[in-house]
Amino acid sequence: MKTKQAVRQRIRDLIKENNLTINGLAYASGMPPTTLKNILSGVSKNPGIVTIKIICDGLGISLIEFFDCELFRNLEQEIE
């Protein structure tokens, strides 16, 4: 799995774990729902670390908690 896919999957997993909807997380994060939907659908190709931090704030977790999961431990090589 590549990093972009892992970020999208991690957000989806956290939405499910917290019994949220996409709109609910967007509201909690103070961002437009379209921004979050674009990230999850892959329209937004590379969400920045600040955007991920805002999502973490909405979830009440740290960046360390966001990235501390199996998805990010075995990522594919990005350099081609």
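A.B. asks: What exactly am I supposed to notice about unusual backbone geometry here?
C.D. replies: Glycine aside, negative phi is the norm for most residues, and most peptide bonds take the trans geometry. One non-glycine residue, Asn 19, lies in positive phi territory at about 50 degrees. Tracing the chain through its elements places Asn 19 in the loop between α1 (3-17) and α2 (22-29).

A.B. asks: When you look at the nonpolar core in this model, what are you seeing that I'm missing?
C.D. replies: Across soluble globular proteins, nonpolar side chains show a tendency to be buried alongside one another. Ile 11, Leu 25, Leu 36, Ile 55 and Phe 66 are the most contacted members of the largest nonpolar core, which totals 19 residues. Element by element, the count of residues in this core is highest for α1, at five residues. Not counting residues up to four positions away in its chain, the partners in contact with Leu 25 are Ile 11, Ile 15, Leu 20, Leu 36, Ile 55, Gly 58 and Leu 59.

A.B. asks: Honestly, the packing of aromatic side chains in this entry has me stumped. Any pointers?
C.D. replies: The geometry of an aromatic ring pair comes down to the distance between the two centres and the angle between the two planes. A full pass over the atoms with the stated rule returns three aromatic pairs. Consider the rings of Phe 66 and Phe 72, whose centres lie 6.0 Å apart with planes at 40 degrees: the pair is tilted. When the centroid spacing of 4.9 Å and the interplanar angle of 70 degrees are considered together, the rings of Phe 67 and Phe 72 count as edge-to-face. Relative accessible area serves as the criterion here: at 30%, Phe 67 is assigned to the partly exposed category. Exposure remark for Phe 72: the relative accessible area of 15% places this residue in the buried category. What links up through ring pairs into an aromatic cluster is the set Phe 66, Phe 67 and Phe 72. Seen from the ring of Phe 66, Arg 10 lies directly overhead, with NZ or CZ sitting 6.0 Å from the centre.

A.B. asks: Where do I start with the pattern of salt bridges in this structure?
C.D. replies: Two side chains bearing opposite charge may form a pair once their charged atoms approach each other closely. Taken as a whole and assessed by the stated rule, the structure comprises three salt bridges. Here Arg 73 makes a salt bridge to Asp 68, at a shortest N to O gap of 2.5 Å. By relative accessible area, Arg 73 is classed as partly exposed at 47%. In this structure, Arg 73 engages Glu 70 in a salt bridge whose closest nitrogen and oxygen atoms are separated by 3.4 Å. Separated by three residues within a single helix, Arg 73 and Glu 70 lie in helix α6 (residues 70-73), roughly one turn from each other. On the basis of relative accessible area, Glu 70 is assigned to the exposed category, the value being 51%. One network of salt bridges, in which partners are shared, links Asp 68, Glu 70 and Arg 73.

Procedures and definitions
- Residues numbered from 1 in each chain as written.
- Predicted model: local features only at pLDDT ≥ 70, side-chain atom pairs only at ≥ 80, totals over all residues.
- Heavy atoms only, no water.
- Helix = DSSP H or I, 4+ residues; strand = E, 2+ residues; numbered from the N terminus.
- Core = buried A, V, L, I, M, F, W, Y, C linked by side-chain atoms within 4.5 Å.
- Buried < 20%, exposed > 50% of the residue type's maximum accessible area, 1.4 Å probe, protein only.
- Contact = heavy atoms within 4.5 Å.
- Phe/Tyr/Trp six-rings, centres within 6.5 Å; stacked < 30°, edge-to-face > 60°.
- Lys NZ or Arg CZ within 6 Å of the ring centre and 35° of its normal.
- Salt bridge = Lys/Arg side-chain N within 4 Å of Asp/Glu carboxyl O.

So, to be careful, I would describe these as geometric facts and stop short of saying anything about function.
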